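One-letter residues, chain by chain:
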Amino acid sequence: MTSVSTRSIVWARRRRSWKQLGEQFRRSPTGMVGLAIFVTFAALALAAPLLFDASQLDVTKATGGVYESPTARYWLGTDDAGRNVLALVVWGARISLLVGLCATVLSMFIGTAVGIASGHFRGLIGGVLDRLIDWFLVIPFLPLAIVLATVLGKSLLNIIIVIGVTSWPATARLIRAQTLSVEGRPYLERAKALGAGDLHQMTRHVLPNVMPLVLANTTLAVSISILSETTLSFLGLGDPTAVSWGTILDDAFSTGAISAGAWWYLAAPGACVVLVVLAFNLVGRALEDILDPREGPQ
Amino acid sequence: MTLLEFDDVSITYQSAQGPVPAVRNVSLSLPLGQTLGIAGESGCGKTTLADSVLRLLPKNTQVTGHIRLDGEDVMAMSFGQLRAARWAKAAVVFQGAQHALNPVQRIETQLAEPILLHEDVGGHAARVRVGELLEQVGLPANRAGDYPHQLSGGQKQRVMIAMALACRPSLLIADEPTTALDVMVQAQVLDLLSSLVRQFGLGVVLISHDLSVLAGACDRVAVMYAGRIVEEGAATDVFAKPLHPYAKALAGAFPRIGDPAFRYAPAGLPGDPPFPGDLPPGCPLHPRCPIAVDACSTVEPLLTRHGDRGAACHRAGEVLV
Amino acid sequence: MSLISGPDTASRSSVPGRRGVLAPGVRYGLSRLLSAVGTFIFVILFNFFLFRLLPGDPISLYTRGRDVDPEIKRQLQARFNAPIGEQFFAYIKNPFVPELPSQRFSAPVWDVIGPRIWPTLLLVGTATVLATVFGVWLGIRSAWKRGQRFDKIATTVTLVLYSMPEFWFGMILLIVFSVGVFGIPGIFPVGGLSTPGVDIGTLAGMADVAWHLALPVFTLTVIYLAEYSLVMRASLIDEMGADYLRTARAKGLREADVRRRHAVPNALLPTTTLIFLNLGFVVGGAITIEYVFSVAGLGSLTVLALRGPDIPLLQTLFLLFSAAVIVANLVADLLYARLDPRVRT
């Protein structure tokens, strides 16, 4: 009976501090702008089938002329096959955002698990995990991603795996540092003295305290994931049947949009990437400022 | 000759929540060759007062009244005059020497910096002087090439003192010089300060929350609470026979071994000092004061003189033990 | 990007006055060297096992979608059907040179890689140097004028640039300044390292190369500089609350000197670390920008290799890039020790 009430006290406290976080976030202009941009794009992505019929993506069913500059009919002009660029861009939002978010979930999951474990377990396991994080951190991202994507093959799932597997170390390192600082606190010693096992300590004590940092880091991780997906798709490693902002840019570049002067075909998908990545960066920075404020002399 | 004078000085910060009066109507004076102690808990305004002498306060701070260094009004000085006065006329030994030194510069560079800035000497002469300064504070001259992290807490404090003396100022302001040091090291640092005062005839303002430290090292002591001076007088008087209940509590908070009366004396006051931006009406101490009466919650007592001493308490006259 | 903390200085603090068998600076250097070697061994092992442990037939990777000479096919089968221990030892003998030649170029891998090294070094080196100089300056200026108009504009611009895919920025620049849109004349070359037929050994030839590299270098510089500036700004703002700055002011120093002599040197420490730690992204930038601007360097070679896929070439390039970044990180660690006395003494 006592443990139930203790737990409910703890959860009430946690709910309060999350609520506080939300209130502080609402007061941050940069954070709110970022959130607004993201919500807009998410809404567009979800509404894509309602706004533009899927047939507009089909090269064989294109109705426009080649490389038409923006007109009243085609707000963002057409591509080299006569497709409506605006339709491409709106549909592209779905894959770009989906891959970005899924890859982030994967990378955060691995990164948080490895980070907490390496911070918690002393001795051999912790040491090995620690080395693993450092080694992976050093290997340059794009060559590794290229090699992995080449070996695994071109599919949506593989791209998610590749990005997830290459981005976890940065998160892990951050979480590890935070875990070490949390573990130094007295209440964890008390928990250990009371017989708390490793898993209990890590999930019940360390994880909730590390969560705010994980949250701030996640938003920044999403922006990295989206940029990564765009880059990999641009290089031709994406799913050839999927339309994402990266694949649009790949098509544009390979079909000579530059020499044709078809700026609309290039500008639109790229601008979307910039806006969404910026949105997540702004939210991430706002969260970081709330959780770890840097007060310079006023 | 009055070295330092505070003439009805009030200092107000601008914060996000509105103006915060950190110091209110403080008047003090320090002649050359004397040591003045300022005591109080954190947040009472003593560091603000100390920082104001060399205008080290943040930009949007309002200062009224006059702060006179060697007769000159500090607030009226041009920035050039101020920079010349800094360190050469008055120097500060800051709180927390741990972080007051640049971690990536050698000690000798930091010690030589003010010398090269204020005096027209070359690098070699400065280095010689650095060696002298280190010796004056009891550190071997060969430590000059060390970095701050290679020194212990007590050694860092001595370096701060040596640095403060570099340009031979007439006024030394030491802000909590013994906090965070071991008791033995505390005693050494205080002895050092006293011997330097004797040797060079400096005026010293010693700031601490530890009244017992001030009692031994200072000629006069002023006790601050909520930005005001609540008691002022000769050090031994204030410590042994305090007039103001706060001063009494402060004096009583530090154990005197072998003193049976101490065992029964009230130790400390309940509650916390008020936030300077949110002071209670009347006397700021009245919510915590053991001898408060009705008048205390409506009228704020001014510093009234009782002979050589001053106390800001409606009941000061009665509390003579 | 959130700031990853730099080397853990707390773990290296020493008892004042104690000296070990080796001078602490040397000890630190050796430990970093050992760590770098360890990382490289890991990369070599990773390179080997990646192609053999993943699902699928490794031979099909080599032969995917192309006609392969039956002799080569036989060689491949012989190799991959050998016991894995034997394969491993054959690999270890010289991990840098794959036994097979480059498939696309039908030449030994290093013959293909060799001539492409200097263009990449030139491109990336120039961009990094310029980005560091301007980025650090911008970061310092923004931090010191925090909250003022300069800072607000600079921070907004750098944030937008930081969110931008570098290859997209390059393409936009190409379309505006090489092809010419909205009436702007296209004067820059559309790509390539030099005009065909020009001897790059001559002074005129070098100028030609410089002209061709102008846009790609500019692209990379601007993108890198955004990150460096943000990092430097954050680092300096962190430093500005430090107590020792108050000491410096109290001594009578001018604000500019307080900043220059005390704040900046301290703020440069985490900045240096972070700049080097992000060298992986510099490599990524090289790959995409060389592709967009058709610069015949290692980056565009990588893209060619992945299109094949030309496995021997890809593997070697991966090793090469990893080695470069490992070495750069080692240099960063040693440089940090040089700058921060708390680490080396």
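Every chain begins its residue count from 1, and numbering advances along the sequence as written. The naming scheme follows written order: chains are lettered A onward, ligands numbered 1 onward. Selection of residues for local features in this predicted model requires a pLDDT of at least 70, selection of side-chain atom pairs for listing and counting requires 80 or more, and totals for whole chains, interfaces and linings are taken over all residues.

For the rest of this paragraph, the subject is the overall build of chain B. Here a strand is any run of E in DSSP of at least two residues, a helix any run of H or I of at least four, and the numbering for each starts at the N terminus. Across its full length, chain B carries 11 helices and 12 strands. In this setup the radius of gyration rests on C-alpha atoms only. A globule is expected at 2.2 Å times the number of residues raised to 0.38. Computed over C-alpha atoms, the radius of gyration of chain B comes to 20 Å, within 12% of the 20 Å expected from 2.2 N^0.38 for 321 residues, which places it in the range of a compact globule. Expressed as lengths along the three principal axes of its C-alpha atoms, the size of chain B is roughly 65 × 50 × 40 Å. Contact between two residues is assigned whenever their backbone-derived C-beta positions fall within 7 Å. Sequence-distant contacts, at least 24 apart, represent 62% of the contacts inside chain B between residues at least 6 apart.

Bringing the overall build of chain C into the picture now. Along chain C, the regular secondary structure elements total 15 helices and 0 strands. With C-beta atoms placed from the backbone, the exposure class of a residue follows from how many other C-beta atoms lie within 10 Å of its own: 20 or more, buried; 12 or fewer, exposed; in between, partly exposed. Relative to its 345 residues, chain C shows a buried fraction of 42%. In chain C, once contacts between residues fewer than 6 apart in sequence are set aside, the share between residues at least 24 apart is 71%.

As a further point, take the pairing of strand E2 (residues 18-31) of chain B. Residue and element names in this part refer to chain B. Two strands make a pair as long as DSSP finds a minimum of two bridges between them. Direction of pairing for strand E1 (residues 2-15) relative to E2: antiparallel, over a ladder of 10 bridges. Within E2, the position partnered with Leu-4 by the bridge is Leu-30. The turn joining E1 and E2, which pair antiparallel and follow one another in sequence, is formed by 2 residues.

Interface size, as often reported, equals the accessible area lost upon joining of the parts. Opposite the 47 residues of chain A that make contact, chain C presents 50 residues. For the side of chain A that touches chain C, the secondary-structure elements that each account for two or more residues are helix H4 (123-138), helix H5 (141-152), helix H6 (156-183), helix H8 (198-234), helix H9 (245-254) and helix H10 (263-291) of chain A. Of all the elements, H10(A) adds the most residues to the side of chain A that touches chain C, at 11 residues. Classes in brief: Ala, Val, Leu, Ile, Met, Phe, Trp, Tyr, Cys and Pro nonpolar; Asp, Glu, Lys and Arg charged; the others, Gly included, polar. When the residues that make up the side of chain A that touches chain C are grouped by side-chain class, the tally is 31 nonpolar, 12 polar and 4 charged.

This part takes up unusual backbone geometry. Keep in mind that most residues, glycine aside, have a negative phi and that most peptide bonds are trans. Notably, Asp8(B) is not glycine yet its phi reads approximately 50°, a positive angle. Structurally, Asp8(B) can be placed in strand E1. A count of 11 C-beta atoms within 10 Å places Asp8(B) in the exposed class. Even without being glycine, Ser294(C) reaches a positive phi, approximately 50°. For Ser294(C), the position within the fold is in the loop between helix H12 (279-292) and helix H13 (298-307).

Moving on, we come to the sheet that holds strand E6 (residues 90-93) of chain B. All names here are of chain B. Here we have 8 strands laid out as an open sheet, ordered E6-E7-E8-E3-E9-E10-E12-E11, and mixed in their pairing. Each edge of the open sheet carries a strand with a single partner, namely E6 and strand E11 (304-306). Across this sheet, the average inter-strand angle for adjacent strands is 20°, counted without regard to direction. Bridge analysis of strand E3 (residues 35-39) against strand E8 (residues 203-208) gives 5 bridges, and the strand direction is parallel. Within the sheet, the bridge partner assigned to Ile-38 lies in E8 and is Ile-207. Axis definition: a line fitted to C-alpha atoms, over the contacting stretch in the case of helices. Angles run 0 to 180 degrees between N-to-C directions. In this fold helix H6 (residues 153-165) packs onto E6 and strand E7 (171-175), with an angle of close to 170° to the strand it touches most, E6.

Here we come to the sheet that holds strand E5 (residues 72-73) of chain B. Reading across from one edge, E2-E1-E4-E5 (chain B) is the order of the 4 strands in this open sheet, with antiparallel pairing throughout. With one partner strand each, in any of the chains shown, E2 and E5 of chain B form the two edges of the open sheet.

This part covers the pairing of strand E9 (residues 220-225) of chain B. All names here are of chain B. Taking burial as the measure, the 6 residues of E9 include 6 buried ones, the bulk of the element. Alternating positions in E9 separate into two faces, Arg-220, Ala-222 and Met-224 on one and Val-221, Val-223 and Tyr-225 on the other, with burial throughout. In this sheet, E9 lies alongside E3 in parallel orientation, the contact comprising 4 bridges. Residue pairing across strands places Ile-38 opposite Ala-222, the latter belonging to E9. One ladder, built from 6 bridges, connects E9 with strand E10 (residues 228-234); its direction is antiparallel. Note on E10: the bridge partner recorded for Met-224 is Ile-229. Connecting E9 to the next strand, E10, in antiparallel fashion are 2 residues, including Ala-226 with a positive phi near 50°.

Attention now moves to the nonpolar core. Defined on buried residues, the nonpolar core groups Ala, Val, Leu, Ile, Met, Phe, Trp, Tyr and Cys residues joined through C-beta atoms within 7 Å. Formed by 265 residues in total, the largest nonpolar core has its most connected members in Val205(B) and Val223(B). The contact partners of Val205(B), leaving out residues within four places of it in the chain, are Leu4(B), Leu30(B), Leu36(B), Ile38(B), Ala50(B) and Ile173(B).

The next subject is the environment of Val92(B). By the element assignment, Val92(B) lies in strand E6. Residue classification places Val92(B) among the buried residues on the basis of 28 C-beta atoms within 10 Å. Distance from Val92(B) to Arg305(B), taken between C-alpha atoms, is 30 Å for residues 213 residues apart in sequence. Ignoring anything within four residues of it in the chain, the contact list for Val92(B) reads Ala50(B), Leu54(B), Ala164(B), Ile173(B), Asp175(B) and Ala250(C).

As a further point, take H9(A). With respect to burial, H9(A) is a largely interior element, 9 of its 10 residues being buried. Those residues of H9(A) that sit buried are Trp245(A), Gly246(A), Thr247(A), Ile248(A), Leu249(A), Asp250(A), Asp251(A), Ala252(A) and Phe253(A). If you follow the buried residues of H9(A), they end up packed against helix H3 (85-120), H8 and H10 of chain A together with helix H8 (166-180) of chain C. A positive phi of about 75° marks Gly256(A), the residue just after H9(A).

Within a predicted model, pLDDT stands for the predictor's per-residue confidence, ranging from 0 to 100. Chain-level statistics for chain B give a pLDDT mean of 84 and a share of 93% at 70 or above. Ranking the elements of chain B by mean pLDDT puts helix H11 (residues 260-264) of chain B last with 61 and E3(B) first with 91.

What follows is about the environment of Leu21(A). All names here are of chain A. Among the structural elements, Leu-21 can be located in helix H1 (residues 2-26). Overall, the presence of 15 C-beta atoms within 10 Å leaves Leu-21 in the partly exposed class. Spatially, the C-alpha atom of Leu-21 lies 22 Å from that of Phe-109, the residues being 88 residues apart in sequence.

What follows covers the confidence of the model for chain C. Residues and elements named next belong to chain C. Overall, the predicted model of chain C reaches an average pLDDT of 80, with 81% of residues at or above 70. Counting interchain partners and residues more than four positions distant, the pLDDT-below-50 stretch residues 1-18 has 33 contacts. For this predicted complex, the interface confidence reaches an ipTM of 0.86, while the overall pTM sits at 0.81.

In terms of burial, H13(C) is largely enclosed, as 7 of its 10 residues are buried. Buried residues along H13(C) sit against H5 of chain A together with helix H5 (109-113), helix H6 (117-144), H12 and helix H14 (311-339) of chain C.

Okay, the environment of Thr273(C) next. Position of Thr273(C) relative to the elements: it lies in helix H11 (residues 255-277). Measuring from C-alpha to C-alpha, the distance between Thr273(C) and Tyr336(C) comes to 6.9 Å, with 63 residues separating the pair along the chain.

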